[in-house]
Structure formats: C-alpha cells, structure tokens
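Below are the chains, spelled out letter by letter.
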Amino acid sequence: MKDLMNRIHPNGARVATISDNTALQSGIVDMKGYDSLTFLIAAGTLADADATFAVTIAESNDSGMSGSNAVAAADLIGTTTLANFQFDDDNEPRKLGYKGSKRYVQLTVTPSNNTGSAPLAIIPVLGNPHLGPTANPPA
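About the thresholds
Residues numbered from 1 in each chain as written. Predicted model: local features only at pLDDT ≥ 70, side-chain atom pairs only at ≥ 80, totals over all residues. Heavy atoms only, no water. Buried < 20%, exposed > 50% of the residue type's maximum accessible area, 1.4 Å probe, protein only. Helix = DSSP H or I, 4+ residues; strand = E, 2+ residues; numbered from the N terminus. Pairing = 2+ DSSP bridges. Salt bridge = Lys/Arg side-chain N within 4 Å of Asp/Glu carboxyl O. Contact = heavy atoms within 4.5 Å.

A.B. asks: How would you summarise the pairing of strand S11 (residues 104-112) if you had to cite specific residues and measurements?
C.D. replies: Judged by how many residues are buried, S11 sits mostly within the fold: 7 of 9 residues are covered. As paired strands, strand S3 (residues 24-25) and S11 are joined by 2 bridges and run antiparallel to one another. Bridging across to S11, Gln-25 finds its partner in Thr-108. With 2 bridges connecting them, strand S4 (residues 29-30) and S11 associate as antiparallel partners. Following the sheet pairing, Asp-30 is matched in S11 by Tyr-104.

Next comes the structure, spelled out in structure tokens:
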C-alpha cells in the first residue's frame, strides 16, 4: 500500500518567527494509540550571520511534562546533533525520531546568538496508529 497519509497524525505543531534567543517548543505530544513519533523541524531563511539552534527532546509520563527528563540517546532515532542547525542552513529540514517508552514527548529548539529573523516550524508526526485510518484534518 502506498498510502502514508492515513497512517500518520501530525499533532502539536508550532510555527514562529524568532528574533532573539527565545526557545520554540512543540506542543506536548501524547503517544497514546501510536507506536512511533518523528519530529520534523523546518527553518526558513535565517537572517543572523552567527546564530545556532540546539535541539533537545524531553519525555514524561505526566501530561504537563512534570518530572520530565532528557531523552536518552538510545531512545532516539537519529541524534540531536544531526537535528541542530545554524545560520547558513536556510530552508533545510531536520528530523528526529523517538522510540522511548514514555507517554508524553516534547521537542525544543533553542537559539543562541540570534538577533535576526528566524522563521521556524516544529511538526510532530505520530505514526503506526493502533486504529486507522487517522482523521483528516487531524483532531
């Protein structure tokens, strides 16, 4: 079957243009009913000539992320190093997968040395639903 649309569920997307060092977080993603999660990170044209953007991912069993901890490298598909980007990575997407056992997950992109315009998007994509097809538009 060549159908991917009915087997994924984007949830908790965040889009912002950041002009300082304020972090951008995805929504808190609830893994209930899904067996996989991949975060897509997209940057537009990055205006600052020395800005860097660090990606971190946290997990918790609490819906408000209370008691969250950084996801261990063994529970990632890919690495945060490969998901990081900098000023000259205009319009280059990144991806980072999660294979841990916690129910709630959240990704954060934290800029450093950013004084220009940095359009960013984080799109969490849940996959392998226990029940399908997934709703369109996603609820």
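The structure having been displayed, the exposition proceeds.
A.B. asks: Tell me about unusual backbone geometry, and name the residues and values.
C.D. replies: Residues apart from glycine generally show negative phi values, whereas peptide bonds are mostly found in trans. The residue after Gly-132, namely Pro-133, is reached through a cis peptide bond having omega 0 degrees. Residue Pro-137 is reached from Asn-136 by a cis peptide bond, and omega for that bond is 0 degrees. By secondary structure assignment, the location of Pro-137 is in the segment after strand S12 (118-129). One non-glycine residue with positive phi stands out, namely Asn-91, at about 60 degrees. Examined against the element boundaries, Asn-91 turns out to sit in the loop between strand S9 (85-86) and strand S10 (94-98). Among the residues examined, Asn-91 registers a relative accessible area of 52% and is labelled exposed. Non-glycine residue Asn-128 carries a positive phi angle of around 55 degrees. Topologically, Asn-128 is positioned in strand S12. Asn-128 sits in the partly exposed class, given a relative accessible area of 47%.

A.B. asks: Account for the pattern of salt bridges, with residues named and values stated.
C.D. replies: One pass over the structure, following the stated rule, counts 3 salt bridges. Note that Asp-89 is salt-bridged to Arg-94, the shortest N-O span being 3.2 Å. Overall, the relative accessible area of 15% leaves Arg-94 in the buried class. Arg-94 is the salt-bridge partner of Glu-92, the closest N and O atoms lying 3.3 Å from each other. A single salt-bridge network, built from bridges that share partners, covers Asp-89, Glu-92 and Arg-94.

A.B. asks: Lay out the environment of Pro-124 in plain terms, naming residues and giving numbers.
C.D. replies: Note on placement: Pro-124 falls in strand S12. Looking at Pro-124, the relative accessible area reads 0%, which means it is buried. Once the C-alpha coordinates of Pro-124 and Phe-53 are considered, the two residues, 71 residues apart in sequence, prove to be 18 Å apart. Aside from chain neighbours lying at most four places away, what touches Pro-124 is His-9, Pro-10, Asn-11, Gly-12, Ala-13, Ser-26, Val-29, Leu-37, Thr-38 and Phe-39.

Don't take any of this as a statement about function, it's just geometry.
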